[in-house]
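Structural overview for review
Here are the chains, one letter per residue:
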Amino acid sequence: MSGLPKSASFPLFILMLNLFIALLGQGMVIPILPEYLKEFNAAGAAAGYLIAAFGTAQFIFSPIGGQLSDRWGRKSMIISGLFLTVIADLLFALSTTLPLLYIARFIGGIGIGLMVPANMAYVADITTPETRAKGMGYLGASMNLGMVLGPGLGGLIAELGIRAPYFFAGGLGLVATLLSLYMPETLPKEKRIPANTLVRREPIRNQIMNSFRTPYFRYLLLILIMTFGLMNYETVYALFVEQKYGFDATKISLIITIGAVIGIIVQIWLLDILIKRLGEMKLIRISLIMTAVALILMIIKINLVYLLIVSALFFAFNAFLRPTVSTLIANAAGDRQGYAAGLNTTYSSIGNIIGPLFAGLLFDKHIHIPYIVGALILGSAFFLTLSKTKNVKEQVVSYD
């Protein structure tokens with residue numbers, strides 16, 4: 001991992017592996033979802049609710065995970081979150097009713113809500129402001145890799161049975177949990193927030209209200225908006241391609257995997273270069289415009305090659321967004337990395353809730369509407385990047 005301190009390379013590799021495995025299980029849902037939902041006599045709206053259940057749990061538990069990582073350390077939250085994703089994958093595999101699927105996804109959301117803020121804070125701990133973008137980029141790439149290889153792997157393993165991918169993901173998650181035991185802790189006890197300051201945690205509503213006063217509030221809004229756009233794309237993608245092109249799960253997996261692998265490659269090799277040449281904000285603006293254009297291009301039907309190109313375009317520019325915005329948040333957070341990472345994941349979770357709900361309901365109205373709405377919202381976010389950064393210090397938010 002060039003450009004990063006040697007001491008950061010091994011723990012960062014473990015973090016990347018953890019997030020890759022955790023998001024792999026979530027990604028496996030995508031190509032087999034149409035066929036899987038047929039067993040429960042469900043369609044687009046159910047797909048939206050299913051993914052929204054995951055986002056709801058993230059929304060509730062991300063602030064808690066961020067705060068607890070400042071109190072108990074990053075490692076314990078990472079391990080706890082990973083273990084919950086294992087339980088979620090196995091429950092999803094064993095479910096026989098739709099409510100059990102919702103419960104499984106909710107538990108998985110709790111796990112991600114606990115571990116992602118801790119992972120982001122961990123990266124901030126082991127990097128410098130100069131290397132933080134690269135570290136966040138690697139972390140984002142591992143998350144994207146899990147999300148995009150999940151569909152491909154899920155489609156292949158599903159040949160053994162529609163539930164087989166989830167057993168497989170649960171096994172991998174257990175391996176990652178055990179590997180995490182060997183990670184060093186990056187937050188010394190003397191730097192942790194004393195336990196008595198966390199006895200009465202502020203309600204989520206208060207945390208969101210307090211986030212309005214942070215210097216990185218508009219970056220949190222960007223996280224929400226780009227997550228909404230991504231969820232509009234992903235939630236109904238398999239259903240969209242199945243209805244518009246008549247492709248089966250294997251072809252859908254191929255399209256998602258190839259397009260997303262291209263996105264991961266450009267993220268790893270080009271992100272740091274583009275940030276140095278363009279700056280964070282300019283790169284964010286370009287990426288917002290290009291992802292919106294890709295969503296509009298999705299509604300035009302041509303052929304498989306065209307669909308691959310448009311998917312690659314979307315994933316490539318979407319891959320630049322999250323690590324770039326997350327770096328801006330981390331740089332503005334000071335010594336409140338866990339708290340800021342929790343807010344980051346909270347706003348992402350809001351997008352994970354409303355995005356699937358809108359996508360599923362709009363898809364049942366007309367298959368093009370989710371992509372049109374997603375493009376409009378991503379395009380409107382461009383104007384959010386035009387406001388000048390205020391020269392203010394972050395206000396300390398009390399946990400009491």
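As shown above, the structure is provided for reference.
This write-up is about the structure you can find in this document.

The rules behind each value
Residues numbered from 1 in each chain as written. Predicted model: local features only at pLDDT ≥ 70, side-chain atom pairs only at ≥ 80, totals over all residues. Heavy atoms only, no water. Axes fitted to C-alpha atoms, helices over the stretch in contact; angles between N-to-C directions. Helix = DSSP H or I, 4+ residues; strand = E, 2+ residues; numbered from the N terminus. Parallel < 35°, antiparallel > 145°, perpendicular 65-115°, else oblique. Left-handed = near helix turned anticlockwise from the far one by under 90°. Contact = heavy atoms within 4.5 Å. Nonpolar A, V, L, I, M, F, W, Y, C, P; charged D, E, K, R; others polar. Expected span 1.5 Å × (residues − 1). Buried < 20%, exposed > 50% of the residue type's maximum accessible area, 1.4 Å probe, protein only. Arc of directions from axis to C-beta. Patch = residues over 30% accessible without salt bridge, like charges linked within 9 Å, V, L, I, M, F, W, Y side chains within 5 Å. Areas by Shrake-Rupley, 256 points an atom, 1.4 Å probe, with all protein chains shown as cover. Salt bridge = Lys/Arg side-chain N within 4 Å of Asp/Glu carboxyl O. Core = buried A, V, L, I, M, F, W, Y, C linked by side-chain atoms within 4.5 Å. Domains from an automatic or database assignment. Phe/Tyr/Trp six-rings, centres within 6.5 Å; stacked < 30°, edge-to-face > 60°.

Moving on to the packing of helix H9 (residues 217-235) against helix H12 (residues 280-298). Packing of H9 against H12 brings their axes to within 11 Å, and their N-to-C directions diverge by 20°. The angle between the axes of H9 and H12 places the two elements in the roughly parallel class. As for how H9 packs across H12, the hand of that crossing is left-handed. The residues of H12 that touch H9, namely those facing Arg 218, Tyr 219, Leu 222, Gly 229 and Tyr 233, are Met 281, Ile 284, Leu 288, Leu 295 and Met 298. Residues that form the contact of H9 with H12 fall into these classes: eight nonpolar, one polar and one charged.

For H12, which comprises 19 residues, the first-to-last C-alpha distance of 27 Å matches the rise-based estimate of 27 Å (1.5 Å per residue) to within 8%. For H12, the full list of buried residues reads Met 281, Leu 283, Ile 284, Ser 287, Leu 288, Thr 291, Ala 292, Ala 294, Leu 295 and Met 298. The buried residues of H12 occupy one face: seen down the axis, they fall within an arc of 160°.

Taken together, the side chains of Phe 83, Ile 87, Leu 174, Leu 178, Leu 181 and Tyr 182 present a nonpolar region at the surface, about 620 Å² in accessible area. When contributions to the nonpolar patch are tallied by element, the ones reaching two or more residues are helix H4 (74-94) and helix H7 (164-180). With respect to the element layout, Leu 181 can be found in the loop between H7 and helix H8 (204-211).

Assignment of secondary structure puts Gly 342 in helix H14 (residues 337-365). In this structure Gly 342 comes out as buried when scored by relative accessible area, which is 1%. Discounting chain neighbours no more than four positions away, the residues touching Gly 342 are Ser 62, Pro 63, Gly 66 and Pro 117.

Further remarks concern the nonpolar core. Core analysis: the biggest nonpolar cluster contains 72 residues, and Tyr 237 and Val 241 have the highest contact counts within it. Ranked by the residues each element gives to this core, the list is headed by helix H13 (residues 304-333), at 11 residues. Summarising the domain contributions, this core has at least three residues from each of domain 1 (1-189) and domain 2 (202-387). For Val 241, the contacting residues outside a window of four places in its chain are Gly 246, Phe 247, Ile 252, Ile 255 and Leu 307. In this structure, Ile 14, Ile 21, Met 77 and Tyr 138 belong to the second largest nonpolar core, which totals 37 residues.

Now for the packing of aromatic side chains. Applying the stated criterion to the full structure yields nine aromatic pairs. Between Phe 228 and Phe 358, the ring centres sit 5.8 Å apart and the planes meet at 65°, which makes this aromatic pair edge-to-face. Here Phe 228 is found in helix H9, whereas its partner Phe 358 is found in helix H14, with 130 residues between them in sequence. Among the aromatic side chains, those forming a connected cluster through ring pairs are Phe 212, Phe 217 and Tyr 347.

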